[in-house]
Amino acid sequence: LAAVLVLLMLLPKGEPPPSPEYWMPIDSLFNSFRKLASTEADLFDQALHAYSRRDANQTLEFLEKIEAPEARKGEFGVCIRVLRSSALVNTGQETSALEELQPLQMEHLSDAWQVRVGWVRYLAYRDSGQHDSACEYLHWLQMQPNDLSDRVAAETAAGVCGSGG
C-alpha cells in the first residue's frame, strides 16, 4: 500500500481545468452569427460547439479556418476576436489573448460586447499577473449592468483586488 501511495505522489499532476467562470455563456449574442454563408457558418458553429464543451484548443482550430473577409470586420469580427481571446485565456495564452483584443476600442462596441471584452481582458490581466490592469477592468465591470455580474461578484468576493475591487 505504501508503495502505491508513493507512486501516486510521483505521478505528474495535470493543471486543474479552468473554472467554468472563465467560459462565457454562448448566448444570442454569439448565436446570431450562425446564419452566415455555408462553410463559414459551419466552421463557426463547430467553434461554438467546441467552446460549449470547454475545448479551447478545438475552438481555436475551427476559428483559424474561418477565412471570409467579413469574419475580420464589423460585429462578426468582434465576435471572432472575443471567442478566440477567451479560448486563448483558457489555454494559458494571456498575452496572445490581450493582443487579439487590442484593436477593439471599447467606445465603438455595443454594451454587450464591451462587457465580454472587459471580462476577457480582466481574466487575461489577472492570470498574467498584471494586477493593476486586472483590477481596473474588474472595477469597471462592477459598474456595468451586465449578464456576467454573478461572475464579477464572485471575483470581487474572492478579494482578487482587495476589498471592494
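Residues numbered from 1 in each chain as written. Predicted model: local features only at pLDDT ≥ 70, side-chain atom pairs only at ≥ 80, totals over all residues. Heavy atoms only, no water.

This part covers the packing of helix α5 (residues 74-90) against helix α6 (residues 94-101). The description of two helices packed together rests on the angle between their axes and the distance between the axes. Interhelical geometry of α5 versus α6 gives an angle of 170° and a closest axis separation of 7 Å. When the axes of α5 and α6 are compared, the pair comes out roughly antiparallel. The residues of α6 that touch α5, namely those facing Arg81, Val82, Arg84, Ser85, Leu88 and Val89, are Glu94, Ser96, Ala97, Glu100 and Leu101. Grouping the constituent residues of the contact of α5 with α6 by class yields five nonpolar, two polar and four charged. (Axes fitted to C-alpha atoms, helices over the stretch in contact; angles between N-to-C directions. Helix = DSSP H or I, 4+ residues; strand = E, 2+ residues; numbered from the N terminus. Parallel < 35°, antiparallel > 145°, perpendicular 65-115°, else oblique. Contact = heavy atoms within 4.5 Å. Nonpolar A, V, L, I, M, F, W, Y, C, P; charged D, E, K, R; others polar.)

Before going further, it helps to examine the pattern of salt bridges. Overall, the coordinates contain six salt bridges when judged by the stated rule. For Arg84, the salt bridge is made with Glu64, and the minimal N-O distance between the two is 2.9 Å. Taken together, the positions of Arg84 in helix α5 and Glu64 in helix α4 (residues 56-65) put the pair 20 residues apart, joining distant regions of the chain. The exposure class of Glu64 is partly exposed, given its relative accessible area of 49%. (Salt bridge = Lys/Arg side-chain N within 4 Å of Asp/Glu carboxyl O. Buried < 20%, exposed > 50% of the residue type's maximum accessible area, 1.4 Å probe, protein only.)

Right, let's get into the state of the cysteines. Applying the stated criterion across every chain yields a total of one disulfide. The partner cysteine of Cys135 in its disulfide is Cys161, sulfur to sulfur 2.1 Å. Residues Cys135 and Cys161 are joined by a disulfide whose S-S torsion is about -100°; by sign, that bridge is left-handed. Taken as a pair, Cys135 in helix α8 (residues 131-143) and Cys161 in the segment after α9 (149-157) lie far apart in primary sequence, 26 residues in all. For the pair formed by Cys135 and Cys161, the shared burial category is buried. (Disulfide = S-S within 2.5 Å.)

A few words on the confidence of the model for the protein. Mean pLDDT over the protein works out to 82, with 81% of the residues at or above the 70 mark. Per-residue pLDDT stays below 50 along residues 4-18; that stretch engages in three contacts with residues further than four places along the chain or on separate chains. (pLDDT = per-residue confidence, 0-100.)

Within the largest apolar cluster, 49 residues are counted, with the highest numbers of intra-cluster contacts made by Phe30, Phe44, Val82, Trp113, Trp119 and Tyr122. Setting aside residues no more than four positions away along its own chain, Val82 makes contact with Met24, Phe30, Leu101, Leu104, Trp113, Arg116, Val117 and Val120. (Core = buried A, V, L, I, M, F, W, Y, C linked by side-chain atoms within 4.5 Å.)

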